[in-house]
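Below are the chains, spelled out letter by letter.
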Amino acid sequence: MRRLLLSNDDGVHAPGLRALYEALEPHARLRVVAPDRDRSGASNSLTLNRPLALTALDNGFHCVDGTPADCVYLGVNGVWDERPDLVISGINHGGNLGDDVLYSGTVAAAMEGRNLGMPAIAMSLVGSRHFDTAGRVAASLVGAADQLSLPPRSLLNVNVPDLPWEEIQGFRVTRMGYRGPAERPMEVRDPRGRLRYWIAAVGQNADDGPDTDFAAIEAGYVSITPLQTDLTQRAAIADVQGWLDAFT
């Protein structure tokens, strides 16, 4: 039976993680290692300035007082004798579309698994109601994962419309769209009258063409975007070299 490592960024008590566990439990041996609190937006950060605590909970899950990437690092490396066959992160409460993936702890947990040599999938529900739908999507993907061959250091970013299963239109392979600039931070005053700032909402869609993850979700399709961890912009290498040669 396959061994799966489950993690997330919404925290070990999040309903999406429980829904993922329940959907996959009949199909695999599961290990859950997730943050002890909401760590949304933690991206790929690792905790390097202190040791981490790994705590077993009554339901068999484990939590870590660190980031999503910390959780996967501990879940794969050295804490247990058996390494997992696949890392799945989610089900996130809210979408991870377009350049959200740069900030997402959900995607970062999957990416850490990929960096450690495991196939990896990030799962997100673009909403907060139909986690059961996203769980069924996850189960179907896991059941066919052995037949998928991805290039090294790549993973799948999956976004599911917040719809009943019967209303899902199908699956689309997509590319990342892009958002415009984020809104200005929101100013607030603390009880002592000091000025503080909330990070504001993400920007509006700037690229939501028909082949993007944004468009697939809007049309009621599950979006599956292959991601790579190599951020090199190869198309710019010649231009940068020419620019460098001009003044050196």
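The present account deals with the structure reproduced in this document.

Parameters at a glance
- Residues numbered from 1 in each chain as written.
- Predicted model: local features only at pLDDT ≥ 70, side-chain atom pairs only at ≥ 80, totals over all residues.
- Heavy atoms only, no water.
- Core = buried A, V, L, I, M, F, W, Y, C linked by side-chain atoms within 4.5 Å.
- Buried < 20%, exposed > 50% of the residue type's maximum accessible area, 1.4 Å probe, protein only.
- Helix = DSSP H or I, 4+ residues; strand = E, 2+ residues; numbered from the N terminus.
- Axes fitted to C-alpha atoms, helices over the stretch in contact; angles between N-to-C directions.
- Parallel < 35°, antiparallel > 145°, perpendicular 65-115°, else oblique.
- Left-handed = near helix turned anticlockwise from the far one by under 90°.
- Contact = heavy atoms within 4.5 Å.
- Patch = residues over 30% accessible without salt bridge, like charges linked within 9 Å, V, L, I, M, F, W, Y side chains within 5 Å.
- Areas by Shrake-Rupley, 256 points an atom, 1.4 Å probe, with all protein chains shown as cover.
- Salt bridge = Lys/Arg side-chain N within 4 Å of Asp/Glu carboxyl O.
- Disulfide = S-S within 2.5 Å.
- Pairing = 2+ DSSP bridges.

### A short note on the nonpolar core
Thought 1: Counting 32 residues, the largest nonpolar core has Leu-6, Leu-24, Ile-88, Met-123, Val-158 and Val-160 as the members making the most contacts within it.
Thought 2: Contributions of two or more residues to this core are made by strand S1 (3–7), helix H1 (15–24), strand S2 (29–35), strand S5 (86–93), strand S6 (120–126), helix H4 (131–144), strand S7 (154–161) and strand S13 (221–228).
Thought 3: Among the elements that line this core, the one with the most residues is H4, at 7 residues.
Thought 4: Counting residues in hydrophobic clusters, the runner-up holds 19 residues, among them Val-72, Val-107, Ala-110 and Met-176.

### Regarding the packing of helix H2 (residues 68–76) against helix H3 (residues 105–115)
Thought 1: Remark: H2 packs on H3, axes separated minimally by 8 Å, with the N-to-C direction vectors making an angle of 25°. By the angle class used here, H2 and H3 are roughly parallel. Relative to H3, H2 is oriented so that their crossing is right-handed. Here Pro-68, Ala-69, Val-72 and Tyr-73 of H2 lie close against H3, whose contacting residues are Gly-105, Ala-109, Glu-112 and Gly-113.

### Side note on a nonpolar patch on the surface
Thought 1: A cluster of nonpolar residues, Val-240, Trp-243, Leu-244 and Phe-247, forms a patch on the protein surface that exposes about 430 Å² of accessible area.
Thought 2: Position of Leu-244 among the secondary structure elements: in helix H6 (residues 237–247).
Thought 3: Since its relative accessible area comes to 34%, Leu-244 is described here as partly exposed.

### Some points on the state of the cysteines
Thought 1: Inspection of the entire model under this criterion finds 0 disulfides.
Thought 2: With no disulfide of its own, Cys-63 lies closest to Cys-71 among cysteine sulfurs, the gap being 8.3 Å.
Thought 3: Residue Cys-71 is classed as buried on the basis of its relative accessible area, which comes to 0%.

### Quick look at the pattern of salt bridges
Thought 1: Taken as a whole and assessed by the stated rule, the structure comprises 10 salt bridges.
Thought 2: Among the salt bridges present, the one from Glu-82 reaches Arg-29, with a minimum N-O distance of 2.7 Å. Remark: Arg-29 occurs in strand S2 and Glu-82 occurs in the loop between H2 and S5; sequence separation between them is 53 residues.
Thought 3: On the basis of relative accessible area, Glu-82 is assigned to the partly exposed category, the value being 35%.
Thought 4: Connected through shared salt-bridge partners, Asp-190, Arg-194 and Arg-196 make up one network.

### Overview of the environment of Asn-205
Thought 1: Of note, Asn-205 is situated in strand S12 (residues 205–207).
Thought 2: Once you skip the residues sitting within four places of it in the chain, Asn-205 turns out to touch Tyr-178, Arg-179, Gly-180 and Phe-214.

### Regarding the sheet that holds S5
Thought 1: Within the open sheet, the 9 strands sit side by side as S3-S4-S2-S1-S5-S6-S7-S13-S8. Their pairing is mixed. Only two strands of the sheet have a single partner each, and these edge strands are strand S3 (54–56) and strand S8 (170–173). Between one strand axis and the next, the sheet turns by 25° as a mean value, whatever way the strands run.
Thought 2: Relative to S5, S1 runs parallel, the two being bridged by 4 bridges. Paired with Leu-4 across the bridge in S5 is Leu-86.
Thought 3: Sitting on the sheet, H1 is in contact with S1, S2 and S5, with an inclination near 135° to S5.
Thought 4: Sitting on the sheet, H3 touches S1, S5, S6, S7 and S13, and the angle it makes with S5 is about 180°.

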